[in-house]
Amino acid sequence: MNPKVLEPGKLKKGFAVITKPLTRPDSEDKVTGRAVYADDLNMPGALFARQVYSEHPHAIIKNVDTSLALKYPGVKAVITGQDAPGKKTYGNVIEDQPAIAFDKVRHMGDVVAVVAAETERQARAAAALVKVDYEILPGIFDPREAMKEGAPLLYEEKKTNVQIPQKVRNGDIEKGFSEADIIIEEEFTTPFVEHSYLEPEAALAFIDSNGSIRLKGSFQNPFTARRVIAEFLGIGKNRVRIQKTTLGGSFGGKDEIMSGIGCRLALLTSITGRPVRMANSREDSFVESHKRHPFYMKYKVGAKKDGRLCAVKSEVVVDSGAYCSMGPYVALRGIVQGAGPYKVDNVYSDGFSVYTNNPYAGAMRGFGSPQTNVAIEAIMDILAEKLNIDPVEIRLRNVIEKGDKSPTGQVMNHESGLREALETAAESIKWEEKHEKYSVPQEGPLKKGIGIACCMRGVSLGAEGLDAAAASVSVQDDGSVIVTTGISDHGQGSQGVMTQIVAEVLGINASRVIYFEPDTALIPDSGPTVASRGTFMGGNAVKDAAEKVKAKLLKIAAELLETPENKIYAADDIYYAEDNPDIIVGFEDLVDECTGRAVPLFDYGWYVMPHIHWDEEEGVGDAYYTYVYSVNAAEVTVDTETGKVTVDNFVASHNSGRALNPTQFLGQMFGGSSMGIGFALYEELELEEGRLQTLNFDKYTLPTACDLPEFVGHIVERPDPEGPFGAKSLGEPATEVAAAAVLNALAQATGNRVQHLPASLERVLLGKKLTKKKKT
């Protein structure tokens, strides 16, 4: 094969694909309706499954009578917790959650039986015929009460309702307070919050041609589900295959619930020999799915007269509901990041995740940080007011920079960019002018205020566990490329980012690349797609695989171009020698040459996060390898006659490493900010002794497009040497501090500080005097 001469003006340098606003690969399918969601799936002869939920928040199951249900026309099977052939319980931290309750029910969302029938109507009718004999037990619905001696126990054998206590101990807290010129003590609470994804949970199970169980559905974490289902059935993981469908949102919510649904469907298809499908209604989803953890926070913070922090002490009690789920890790992240992105030498924090008979809580975007950020950022504003220091200035005096120690004693060896992010956000929202203007008494019922808040977030799992991810890259003989990873795209845009990384490495047009969703039979376990680890972990794995494939291409290109491999540059489907760029070989021609020589253009990538040391016993050390830094600023108008809050303007400024796709980056910023605004002003699941009073969106208030402000986003790039092309993460940082900024603005506007979320109309008018929302 003879190299060709480059067309004039074709040569390009720098990044060719990443940092460009590539259209998301899945966007056209979603907007045209071609995307296949779990509830779209069906097979000939498929049965419909219907779950039977508990009638009580806490009770012993004495008997489950399925006789009438089994006699109902069309019913092919009814299963209970006693039918599990393998392990009855599962859990990411503590294996305490039953796929089907078998001894006790611990919240209203527990499933006690499942019916499979020929039609959905028959399954529903038969499910209503299942009779359960309960011995009702006293419930406990406040985690602070559940911690007390003599409280009803959800698990008698544990002898406590506290799960795994977490702590941070850095410096000498008493010495820190003794050096303080001012000490602030405040309390804050946050409520249960629903994930509110558009697509309720759904899946289809069937027996594959090789006798294994295959499930397709809205699985956020396919590998976790595979493990749980295999253990539930008592079979090997190689006998269970999970294929993720297009997800209509997740935000952390389609984890344990999908494992439970998968167990039930897998058992039903094993018993009947037929495909079985199920889709939760919105009401089912509200009842069964996990929520954002309510936090009960006590803070004591000491500072010098110049505003510099010298001590932070906190106690965080976390309502984990009926099951552990991720409670201890949510508490850990909450207190690790709960002293803010600030230099403070003395920190003493405790985090307790506690069992109650409320709906269980689990992972949700932010994972404990939005709650503690509300607290520490409110206190920063309180300190600023009492010390007569501008809120931006007091933060600038305390922000972590390269070489500083974090509140856990970790030496930060990367650029935070936080000073620039703060200054950029303040300038963008015209802070200096507006803060001064709104600080003086305002005429009329409409009062304006402006607020700012900042945070840091550890990237990926960190001290929460082993962190690794896999990917594969396969170049076909026609020059098209297939990418597979163990990272799920929940809607956050992983497909596009992975596509860009591969295209950049191979020097090709992104249109050549197709991305396949995770399939547990085709790619190694890459852990859960949580903790904003998709780009960092999956991106590094994809980059590793692509670089291995490129090494094979370069070896052949070097022969053709008569140039050393390290002197060859590739971009826009062209490989050429840097010292003679006029002579080129096209990507397809190069692939043809490799194919003719039987060079396999396929490889696996594997990435393991660098080692960190977190001392769990002492509560000190490196909690995460690297961090993302964020600033939000909000401007609000409050009607002091009605309590209505309007967010007029909102600025987000983030250092998340290099932005691989700036347009998508801004989309994450604004979507995350919208969720944070909902957390601040609107969202709350109402309960009465463990029973949800909010079962659909007709009673659960979410911000609509009409409630959202003008958004402005700023990308403060500090590429991380460990990230793929310098990228880190943004999914969760985008939502973590929005509520804090809005609440600080609200406090300036009204003079009332809302410390018990959400900022309902009554709380806006009464501030922290009102801890519970009045019923209407």
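Here's what I pulled together on the structure shown here. (Residues numbered from 1 in each chain as written. Predicted model: local features only at pLDDT ≥ 70, side-chain atom pairs only at ≥ 80, totals over all residues. Heavy atoms only, no water.)

Listing the buried residues of helix α3 (residues 120-127) in full gives Ala-123, Ala-126 and Ala-127. Within α3, the buried residues cover an arc of 100° as seen down the axis, which keeps them to one side. Residues of α3 that are buried sit in contact with β2 (47-53), α2 (67-71), β4 (75-80) and β8 (111-117). (Buried < 20%, exposed > 50% of the residue type's maximum accessible area, 1.4 Å probe, protein only. Helix = DSSP H or I, 4+ residues; strand = E, 2+ residues; numbered from the N terminus. Arc of directions from axis to C-beta. Contact = heavy atoms within 4.5 Å.)

Our next topic: empty space enclosed by the protein. Taken as a whole, this structure holds six cavities of 30 Å³ or more when the rule is applied. Here the largest cavity is characterised by a volume of approximately 100 Å³. Residue lining of the largest cavity: 14 residues in total, with Gln-97, Pro-98, Gly-109, Arg-264 and Glu-288 positioned closest to the centre. Breaking the lining of the largest cavity down by element, the ones donating at least two residues are β6 (97-98) and α7 (256-272). The residue inventory of the lining of the largest cavity, partitioned by class, reads eight nonpolar, three polar and three charged. (1 Å grid on protein atoms, 1.4 Å probe; cavity = no way out; pocket = protein on both sides within 12 Å on 5 of 7 lines; lining within 4 Å. Points joined across faces, edges and corners; volume = space filled by probe spheres on them. Nonpolar A, V, L, I, M, F, W, Y, C, P; charged D, E, K, R; others polar.)

A word on the nonpolar core. The biggest cluster of nonpolar side chains holds 106 residues, and the ones touching the most others in it are Leu-383, Phe-650, Leu-681 and Val-742. Tallying contributions element by element places helix α10 (residues 369-387) first for this core, with ten residues. Not counting chain neighbours up to four residues away, the residues in contact with Leu-383 comprise Ile-182, Ile-184, Val-301, Ala-303, Leu-309 and Ile-394. Of all hydrophobic cores here, the second largest spans 51 residues; its members include Ile-79, Val-228, Val-240 and Ala-322. (Core = buried A, V, L, I, M, F, W, Y, C linked by side-chain atoms within 4.5 Å.)

Turning our attention to the sheet that holds strand β11 (residues 182-189). One open sheet holds the five strands; their spatial order is β10-β18-β17-β16-β11, and the pairing between them is mixed. Two strands close off the open sheet at either side, each with one partner strand: β10 (166-170) and β11. In this sheet, neighbouring strand axes are inclined to one another by 5° on average, regardless of whether the strands run parallel or antiparallel. Note: β10 against strand β18 (residues 347-355), five bridges, orientation antiparallel. For Val-168, the partnering residue across the bridge sits in β18 and is Ser-349. In the packing of α10 onto the sheet, the strands contacted are β11, β16 (295-303) and β17 (309-321), and the crossing angle to β16 comes to about 35°. (Pairing = 2+ DSSP bridges. Axes fitted to C-alpha atoms, helices over the stretch in contact; angles between N-to-C directions.)

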